[in-house]
Amino acid sequence: FGPSGQSCFRSRIDGMMIPYSFKKQIYLHMNPKILIIGACGQIGTELTHQLRALYGTENVIASDIRKLNTDVVNSGPFEVVNALDFNQIENLVESHQITDVYLMAALLSATAEKNPAFAWDLNMNSLFHVLNLAKAGKIKKIFWPSSIAVFGPTTPKENTPQYTVMEPSTVYGISKQAGERWCEYYHNIFGVDVRSIRYPGLISWTTLPGGGTTDYAVDIYHKAIADKKYECFLAAETKMPMMYMDDAIAATINIMKAPVEQIKIRSSYNLAAMSFTPTEIAAEIKKHIPELEVTYAPDFRQKIADSWPASIDDSRAREDWGWKHEFDLEMMTVDMLKNLSKNNTVSID
Ligand code: AKB
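Criteria and thresholds
Residues numbered from 1 in each chain as written. Predicted model: local features only at pLDDT ≥ 70, side-chain atom pairs only at ≥ 80, totals over all residues. Heavy atoms only, no water. 1 Å grid on protein atoms, 1.4 Å probe; cavity = no way out; pocket = protein on both sides within 12 Å on 5 of 7 lines; lining within 4 Å. Points joined across faces, edges and corners; volume = space filled by probe spheres on them. Helix = DSSP H or I, 4+ residues; strand = E, 2+ residues; numbered from the N terminus. Nonpolar A, V, L, I, M, F, W, Y, C, P; charged D, E, K, R; others polar. Expected span 1.5 Å × (residues − 1). Buried < 20%, exposed > 50% of the residue type's maximum accessible area, 1.4 Å probe, protein only. Core = buried A, V, L, I, M, F, W, Y, C linked by side-chain atoms within 4.5 Å. Contact = heavy atoms within 4.5 Å. Pairing = 2+ DSSP bridges. Axes fitted to C-alpha atoms, helices over the stretch in contact; angles between N-to-C directions. Polar contact = N/O pair within 3.5 Å; in protein donor to acceptor, adjacent residues only side chain to side chain.

Asker: I would appreciate a short explanation of the layout of surface pockets in the present structure.
Answerer: Vacant regions in the atomic arrangement are exposed by a probe of water-molecule size rolled over the atoms. Taken as a whole, the largest pocket encloses approximately 1000 Å³ of empty space. Around the largest pocket, the lining is made up of 45 residues, and of these Met104, Ala106, Leu107, Leu108 and Gly210 lie nearest the centre. Of all the secondary structure elements, the ones that give two or more residues to the lining of the largest pocket are α2 (42-55), β4 (60-64), α5 (109-114), α6 (116-135), β7 (141-147), α7 (171-190) and β9 (201-203). Residues of the lining of the largest pocket, tallied by class, amount to 24 nonpolar, 16 polar and five charged.

Asker: Is there a simple way to think about α6 in this case?
Answerer: For an α-helix the count is 3.6 residues per turn, leaving residues at separations of three or four pointing the same way. The end-to-end C-alpha distance of α6, which contains 20 residues, comes to 28 Å, matching closely the 28 Å that a straight helix rising 1.5 Å per residue would cover. Buried within α6 are the following residues: Ala119, Leu122, Asn123, Met124, Ser126, Leu127, His129, Val130, Leu131, Leu133 and Ala134. Glycine 137 lies just past α6 and shows a positive phi near 80 degrees.

Asker: What am I meant to see in the nonpolar core here?
Answerer: If you look at soluble globular proteins, the nonpolar side chains tend to sit buried side by side. Residues Ile203, Tyr216, Tyr221 and Phe276 are the most contacted members of the largest nonpolar core, which totals 67 residues. Among the elements that take part in this core, α6 stands out by supplying seven residues, more than any other. Once you skip the residues sitting within four places of it in the chain, tyrosine 221 turns out to touch Ile203, Ile281, Ile285, Leu329, Met332, Thr333, Met336, Leu337 and Leu340.

Asker: For this particular structure, what's the right way to read the sheet that holds strand β12 (residues 269-270)?
Answerer: Two modes of strand pairing occur in sheets, parallel and antiparallel, and in both the strands are linked by backbone hydrogen bonds. If you trace the seven strands from one edge of the open sheet to the other, you get β5-β4-β3-β6-β7-β8-β12, paired in parallel fashion. Pairing within the sheet leaves two strands with one partner each, and these edge strands are β5 (78-80) and β12. When β7 meets strand β8 (residues 193-199), the two strands line up parallel, connected through seven bridges. Counterpart to tryptophan 144 in the pairing with β8 is serine 196. Helix α4 (residues 86-95) contacts β3 (34-37) and β5 of the sheet and is inclined by roughly 155 degrees relative to β3.

Asker: Just to check I follow, could you spell out the side chain of serine 307 for this structure?
Answerer: Looking at the secondary structure, you find serine 307 in the loop between α11 (301-306) and α12 (315-321). Its relative accessible area of 5% is what places serine 307 among the buried residues. Reaching out from serine 307, the side chain makes a polar contact with the backbone oxygen of isoleucine 304 at a distance of 2.7 Å.

In C-alpha coordinates form, the structure reads like this:
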(Lines give C-alpha, C1' and ligand atoms only; values in the text may rest on other atoms or scores of the structure.)
Protein backbone atom coordinates (compact mmCIF):
# COMPACT_ATOMS: atom_id res chain seq x y z
CA PHE A 1 0.00 0.00 0.00
CA GLY A 2 1.15 3.57 -0.71
CA PRO A 3 1.34 6.51 1.75
CA SER A 4 -2.35 7.39 1.32
CA GLY A 5 -3.54 3.80 1.71
CA GLN A 6 -4.29 2.98 -1.95
CA SER A 7 -2.92 -0.35 -3.27
CA CYS A 8 0.34 0.11 -5.16
CA PHE A 9 3.14 -1.73 -6.94
CA ARG A 10 6.83 -0.87 -6.94
CA SER A 11 8.19 0.43 -10.29
CA ARG A 12 10.96 -1.76 -11.75
CA ILE A 13 12.48 1.35 -13.28
CA ASP A 14 12.98 3.72 -10.34
CA GLY A 15 11.62 1.81 -7.31
CA MET A 16 8.77 4.32 -6.73
CA MET A 17 5.39 3.16 -5.34
CA ILE A 18 2.75 3.57 -8.07
CA PRO A 19 -1.02 3.13 -7.49
CA TYR A 20 -2.48 0.18 -9.42
CA SER A 21 -5.06 2.56 -10.90
CA PHE A 22 -2.19 4.22 -12.85
CA LYS A 23 -0.87 0.92 -14.16
CA LYS A 24 -3.20 0.76 -17.15
CA GLN A 25 -2.32 4.33 -18.13
CA ILE A 26 1.41 3.56 -17.88
CA TYR A 27 1.04 0.49 -20.08
CA LEU A 28 -1.03 2.44 -22.57
CA HIS A 29 1.73 5.03 -22.65
CA MET A 30 4.49 2.43 -22.96
CA ASN A 31 2.82 0.24 -25.57
CA PRO A 32 3.57 1.44 -29.08
CA LYS A 33 0.68 1.95 -31.49
CA ILE A 34 2.04 0.51 -34.70
CA LEU A 35 1.34 1.06 -38.39
CA ILE A 36 2.81 -1.45 -40.86
CA ILE A 37 2.87 -0.17 -44.43
CA GLY A 38 3.22 -3.06 -46.91
CA ALA A 39 1.86 -5.61 -44.42
CA CYS A 40 0.80 -8.18 -47.05
CA GLY A 41 4.29 -8.86 -48.40
CA GLN A 42 6.78 -11.58 -47.45
CA ILE A 43 8.17 -9.77 -44.39
CA GLY A 44 5.06 -7.74 -43.56
CA THR A 45 2.87 -10.82 -43.14
CA GLU A 46 5.04 -12.39 -40.45
CA LEU A 47 5.89 -9.06 -38.85
CA THR A 48 2.18 -8.27 -38.46
CA HIS A 49 1.52 -11.59 -36.68
CA GLN A 50 4.52 -11.25 -34.37
CA LEU A 51 3.87 -7.61 -33.46
CA ARG A 52 0.19 -8.38 -32.77
CA ALA A 53 1.22 -11.26 -30.50
CA LEU A 54 3.62 -8.95 -28.68
CA TYR A 55 1.67 -5.70 -28.39
CA GLY A 56 -1.97 -6.77 -28.85
CA THR A 57 -3.98 -7.07 -32.06
CA GLU A 58 -5.70 -3.70 -31.68
CA ASN A 59 -2.34 -1.92 -31.33
CA VAL A 60 -1.04 -3.05 -34.71
CA ILE A 61 -2.68 -1.55 -37.81
CA ALA A 62 -1.75 -3.48 -40.95
CA SER A 63 -1.98 -1.68 -44.28
CA ASP A 64 -1.26 -2.30 -47.93
CA ILE A 65 -2.19 -1.01 -51.38
CA ARG A 66 -4.82 -3.77 -51.70
CA LYS A 67 -6.26 -6.56 -49.56
CA LEU A 68 -3.62 -8.97 -50.87
CA ASN A 69 -3.44 -11.46 -48.03
CA THR A 70 -6.57 -12.71 -46.27
CA ASP A 71 -4.59 -13.87 -43.25
CA VAL A 72 -3.34 -10.36 -42.53
CA VAL A 73 -6.60 -8.65 -43.49
CA ASN A 74 -8.77 -10.87 -41.29
CA SER A 75 -6.54 -11.15 -38.25
CA GLY A 76 -6.90 -7.56 -36.98
CA PRO A 77 -7.26 -3.91 -38.01
CA PHE A 78 -6.43 -3.42 -41.70
CA GLU A 79 -6.47 -0.28 -43.88
CA VAL A 80 -6.00 0.12 -47.62
CA VAL A 81 -3.19 2.65 -48.06
CA ASN A 82 -1.03 3.84 -50.93
CA ALA A 83 2.50 4.28 -49.58
CA LEU A 84 2.95 7.15 -52.04
CA ASP A 85 -0.02 9.14 -50.69
CA PHE A 86 1.22 11.36 -47.86
CA ASN A 87 -2.28 12.51 -46.86
CA GLN A 88 -3.58 8.94 -46.53
CA ILE A 89 -0.66 7.99 -44.28
CA GLU A 90 -0.97 11.18 -42.23
CA ASN A 91 -4.72 10.63 -41.72
CA LEU A 92 -4.11 7.06 -40.58
CA VAL A 93 -1.35 8.13 -38.21
CA GLU A 94 -3.59 10.79 -36.68
CA SER A 95 -6.80 8.78 -36.48
CA HIS A 96 -5.10 5.74 -34.88
CA GLN A 97 -2.63 7.78 -32.77
CA ILE A 98 0.27 5.85 -34.28
CA THR A 99 3.65 6.04 -32.52
CA ASP A 100 5.76 3.61 -34.60
CA VAL A 101 5.77 3.00 -38.37
CA TYR A 102 7.30 -0.05 -40.08
CA LEU A 103 7.66 0.87 -43.76
CA MET A 104 7.86 -2.45 -45.60
CA ALA A 105 6.50 -1.35 -49.01
CA ALA A 106 9.17 -1.47 -51.74
CA LEU A 107 10.00 -2.80 -55.18
CA LEU A 108 12.76 -5.45 -54.85
CA SER A 109 15.86 -5.85 -57.03
CA ALA A 110 14.59 -7.86 -60.01
CA THR A 111 11.24 -6.06 -60.36
CA ALA A 112 12.92 -2.68 -59.91
CA GLU A 113 15.19 -3.33 -62.93
CA LYS A 114 12.04 -3.75 -65.05
CA ASN A 115 10.47 -0.50 -63.85
CA PRO A 116 13.25 1.82 -62.64
CA ALA A 117 11.25 5.06 -62.51
CA PHE A 118 8.46 3.56 -60.42
CA ALA A 119 10.96 1.73 -58.17
CA TRP A 120 12.75 5.00 -57.44
CA ASP A 121 9.45 6.80 -56.83
CA LEU A 122 8.04 4.15 -54.47
CA ASN A 123 11.24 3.33 -52.58
CA MET A 124 12.25 6.97 -52.01
CA ASN A 125 9.00 8.90 -51.62
CA SER A 126 7.35 6.45 -49.23
CA LEU A 127 10.44 6.89 -47.04
CA PHE A 128 10.27 10.70 -47.23
CA HIS A 129 6.60 10.56 -46.19
CA VAL A 130 7.33 8.73 -42.93
CA LEU A 131 10.56 10.65 -42.24
CA ASN A 132 8.62 13.91 -42.62
CA LEU A 133 5.84 12.69 -40.31
CA ALA A 134 8.50 11.95 -37.68
CA LYS A 135 10.20 15.32 -38.28
CA ALA A 136 6.82 16.99 -37.67
CA GLY A 137 6.54 15.11 -34.35
CA LYS A 138 3.56 13.01 -35.50
CA ILE A 139 5.30 9.65 -35.00
CA LYS A 140 8.06 8.63 -32.58
CA LYS A 141 9.94 5.81 -34.26
CA ILE A 142 10.46 4.39 -37.76
CA PHE A 143 11.68 1.01 -38.98
CA TRP A 144 12.92 1.09 -42.58
CA PRO A 145 14.52 -1.94 -44.22
CA SER A 146 17.70 -1.60 -46.23
CA SER A 147 19.43 -4.48 -48.02
CA ILE A 148 22.74 -6.08 -49.00
CA ALA A 149 21.89 -4.47 -52.38
CA VAL A 150 23.51 -1.24 -51.12
CA PHE A 151 26.83 -2.91 -51.93
CA GLY A 152 28.15 -3.26 -55.47
CA PRO A 153 30.77 -4.94 -57.65
CA THR A 154 33.62 -2.87 -56.13
CA THR A 155 32.73 -3.84 -52.53
CA PRO A 156 34.90 -6.51 -50.82
CA LYS A 157 32.94 -9.71 -51.42
CA GLU A 158 33.75 -11.82 -48.37
CA ASN A 159 32.94 -10.66 -44.86
CA THR A 160 31.76 -7.32 -46.22
CA PRO A 161 32.40 -4.72 -43.48
CA GLN A 162 29.83 -2.28 -42.08
CA TYR A 163 31.78 0.64 -43.59
CA THR A 164 33.28 -0.02 -47.01
CA VAL A 165 33.14 0.90 -50.70
CA MET A 166 29.48 1.14 -51.78
CA GLU A 167 28.79 1.53 -55.49
CA PRO A 168 25.47 -0.28 -56.05
CA SER A 169 24.75 -1.09 -59.70
CA THR A 170 20.98 -1.78 -59.43
CA VAL A 171 18.08 0.68 -59.17
CA TYR A 172 16.99 -1.06 -55.98
CA GLY A 173 20.49 -0.80 -54.48
CA ILE A 174 20.81 2.86 -55.44
CA SER A 175 17.43 3.62 -53.81
CA LYS A 176 18.41 1.75 -50.63
CA GLN A 177 21.76 3.48 -50.42
CA ALA A 178 20.17 6.91 -50.93
CA GLY A 179 17.53 5.96 -48.35
CA GLU A 180 20.24 5.11 -45.81
CA ARG A 181 21.85 8.52 -46.33
CA TRP A 182 18.47 10.23 -45.80
CA CYS A 183 17.75 8.21 -42.64
CA GLU A 184 21.07 9.28 -41.15
CA TYR A 185 20.49 12.88 -42.24
CA TYR A 186 17.01 13.05 -40.66
CA HIS A 187 18.43 11.56 -37.47
CA ASN A 188 21.41 13.94 -37.29
CA ILE A 189 19.62 17.12 -38.33
CA PHE A 190 16.05 16.64 -37.05
CA GLY A 191 16.53 14.02 -34.31
CA VAL A 192 14.30 11.45 -36.03
CA ASP A 193 14.48 8.01 -34.36
CA VAL A 194 14.81 5.86 -37.49
CA ARG A 195 16.29 2.36 -37.26
CA SER A 196 17.35 0.10 -40.10
CA ILE A 197 18.82 -3.27 -41.03
CA ARG A 198 20.46 -4.38 -44.28
CA TYR A 199 18.48 -7.59 -44.85
CA PRO A 200 20.17 -10.44 -46.70
CA GLY A 201 17.99 -12.80 -48.80
CA LEU A 202 15.03 -13.89 -46.65
CA ILE A 203 13.55 -17.38 -46.66
CA SER A 204 10.06 -18.14 -45.37
CA TRP A 205 7.16 -20.49 -45.97
CA THR A 206 4.04 -18.40 -45.17
CA THR A 207 4.10 -15.83 -47.98
CA LEU A 208 6.07 -15.95 -51.22
CA PRO A 209 8.63 -13.22 -51.86
CA GLY A 210 7.99 -10.93 -54.80
CA GLY A 211 10.63 -9.90 -57.31
CA GLY A 212 13.96 -10.41 -55.54
CA THR A 213 17.22 -11.95 -56.75
CA THR A 214 17.47 -14.18 -53.69
CA ASP A 215 13.94 -15.61 -54.27
CA TYR A 216 15.38 -18.83 -55.76
CA ALA A 217 16.16 -19.95 -52.19
CA VAL A 218 12.40 -19.96 -51.44
CA ASP A 219 11.24 -21.31 -54.83
CA ILE A 220 13.54 -24.33 -54.56
CA TYR A 221 11.71 -25.62 -51.44
CA HIS A 222 8.28 -25.26 -53.08
CA LYS A 223 9.39 -27.01 -56.28
CA ALA A 224 11.28 -29.72 -54.39
CA ILE A 225 8.04 -30.69 -52.63
CA ALA A 226 5.69 -30.21 -55.59
CA ASP A 227 7.75 -31.54 -58.56
CA LYS A 228 11.05 -32.89 -57.18
CA LYS A 229 12.60 -30.74 -59.94
CA TYR A 230 13.85 -27.17 -59.94
CA GLU A 231 15.37 -24.92 -62.59
CA CYS A 232 17.47 -22.30 -60.84
CA PHE A 233 17.74 -18.81 -62.35
CA LEU A 234 21.23 -18.35 -60.82
CA ALA A 235 24.45 -20.27 -61.49
CA ALA A 236 25.29 -23.24 -59.26
CA GLU A 237 28.16 -21.58 -57.35
CA THR A 238 26.62 -18.14 -56.71
CA LYS A 239 27.12 -17.59 -52.99
CA MET A 240 24.88 -15.04 -51.24
CA PRO A 241 24.08 -14.02 -47.63
CA MET A 242 20.73 -15.44 -46.47
CA MET A 243 18.55 -15.58 -43.34
CA TYR A 244 15.48 -17.48 -42.13
CA MET A 245 12.44 -15.27 -41.60
CA ASP A 246 12.18 -16.11 -37.88
CA ASP A 247 15.61 -14.55 -37.36
CA ALA A 248 14.82 -11.54 -39.56
CA ILE A 249 11.63 -10.81 -37.59
CA ALA A 250 13.47 -11.18 -34.27
CA ALA A 251 16.14 -8.73 -35.50
CA THR A 252 13.49 -6.25 -36.66
CA ILE A 253 11.59 -6.33 -33.37
CA ASN A 254 14.77 -6.24 -31.27
CA ILE A 255 16.34 -3.26 -33.01
CA MET A 256 13.05 -1.37 -32.48
CA LYS A 257 12.90 -2.38 -28.79
CA ALA A 258 16.55 -1.52 -28.07
CA PRO A 259 17.22 1.51 -25.84
CA VAL A 260 17.96 4.55 -27.99
CA GLU A 261 21.59 4.84 -26.81
CA GLN A 262 22.35 1.36 -28.20
CA ILE A 263 21.49 2.40 -31.76
CA LYS A 264 24.76 3.95 -32.81
CA ILE A 265 24.40 3.52 -36.58
CA ARG A 266 21.58 5.52 -38.12
CA SER A 267 22.15 4.60 -41.76
CA SER A 268 21.62 0.81 -41.53
CA TYR A 269 23.17 -2.17 -39.75
CA ASN A 270 24.82 -5.11 -41.55
CA LEU A 271 23.02 -8.30 -40.53
CA ALA A 272 23.98 -11.92 -41.23
CA ALA A 273 23.09 -15.52 -40.42
CA MET A 274 24.38 -17.85 -43.18
CA SER A 275 25.74 -17.85 -46.73
CA PHE A 276 25.25 -20.61 -49.30
CA THR A 277 25.20 -21.40 -53.02
CA PRO A 278 22.36 -23.06 -54.99
CA THR A 279 24.45 -26.26 -54.97
CA GLU A 280 24.66 -26.19 -51.18
CA ILE A 281 20.95 -25.56 -50.55
CA ALA A 282 20.06 -28.29 -53.08
CA ALA A 283 22.38 -30.75 -51.27
CA GLU A 284 20.71 -29.91 -47.95
CA ILE A 285 17.21 -30.47 -49.38
CA LYS A 286 18.35 -33.73 -51.00
CA LYS A 287 19.04 -35.11 -47.50
CA HIS A 288 15.22 -35.10 -47.13
CA ILE A 289 14.12 -35.42 -50.79
CA PRO A 290 16.88 -37.49 -52.50
CA GLU A 291 15.05 -37.50 -55.88
CA LEU A 292 15.36 -33.71 -56.24
CA GLU A 293 16.94 -32.70 -59.57
CA VAL A 294 18.27 -29.17 -59.99
CA THR A 295 19.23 -27.61 -63.33
CA TYR A 296 20.70 -24.16 -63.90
CA ALA A 297 19.59 -21.49 -66.39
CA PRO A 298 20.99 -18.15 -65.21
CA ASP A 299 19.01 -15.10 -66.42
CA PHE A 300 19.34 -11.30 -65.92
CA ARG A 301 19.34 -11.82 -62.13
CA GLN A 302 22.79 -13.46 -62.30
CA LYS A 303 24.41 -10.06 -62.91
CA ILE A 304 22.61 -8.62 -59.88
CA ALA A 305 23.70 -11.55 -57.68
CA ASP A 306 27.30 -11.24 -58.92
CA SER A 307 27.38 -7.60 -57.81
CA TRP A 308 26.40 -8.43 -54.21
CA PRO A 309 28.51 -9.70 -51.27
CA ALA A 310 28.94 -13.42 -50.63
CA SER A 311 29.15 -13.00 -46.85
CA ILE A 312 28.61 -10.16 -44.37
CA ASP A 313 30.38 -8.95 -41.23
CA ASP A 314 27.58 -8.01 -38.83
CA SER A 315 29.70 -7.53 -35.70
CA ARG A 316 28.36 -4.00 -35.08
CA ALA A 317 24.76 -5.25 -34.79
CA ARG A 318 25.96 -7.99 -32.41
CA GLU A 319 27.93 -5.51 -30.26
CA ASP A 320 25.53 -2.56 -30.24
CA TRP A 321 22.10 -4.14 -29.66
CA GLY A 322 22.83 -7.82 -29.06
CA TRP A 323 21.88 -9.36 -32.42
CA LYS A 324 22.18 -13.17 -32.49
CA HIS A 325 20.90 -15.52 -35.18
CA GLU A 326 19.48 -18.95 -34.48
CA PHE A 327 18.90 -20.72 -37.81
CA ASP A 328 21.58 -22.23 -40.04
CA LEU A 329 20.99 -23.96 -43.40
CA GLU A 330 20.31 -27.34 -41.79
CA MET A 331 17.77 -26.11 -39.22
CA MET A 332 16.06 -23.86 -41.75
CA THR A 333 15.68 -26.70 -44.25
CA VAL A 334 14.04 -28.98 -41.68
CA ASP A 335 11.60 -26.21 -40.68
CA MET A 336 10.79 -25.16 -44.28
CA LEU A 337 10.11 -28.70 -45.44
CA LYS A 338 8.03 -29.53 -42.36
CA ASN A 339 5.81 -26.47 -42.79
CA LEU A 340 5.49 -26.59 -46.57
CA SER A 341 4.61 -30.28 -46.52
CA LYS A 342 1.47 -29.57 -44.52
CA ASN A 343 -1.49 -29.01 -46.84
CA ASN A 344 -2.74 -25.52 -47.68
CA THR A 345 -0.03 -23.63 -45.80
CA VAL A 346 1.26 -21.55 -48.67
CA SER A 347 -0.48 -18.27 -49.41
CA ILE A 348 0.44 -16.83 -52.78
CA ASP A 349 -0.10 -13.13 -53.50
C1 AKB B 1 16.26 -9.05 -53.27
O2 AKB B 1 16.73 -10.12 -53.70
O3 AKB B 1 16.02 -8.08 -54.00
C4 AKB B 1 16.01 -8.91 -51.80
C5 AKB B 1 17.15 -8.28 -51.08
C6 AKB B 1 18.41 -9.02 -50.90
O7 AKB B 1 17.03 -7.17 -50.64
N8 AKB B 1 15.71 -10.19 -51.23
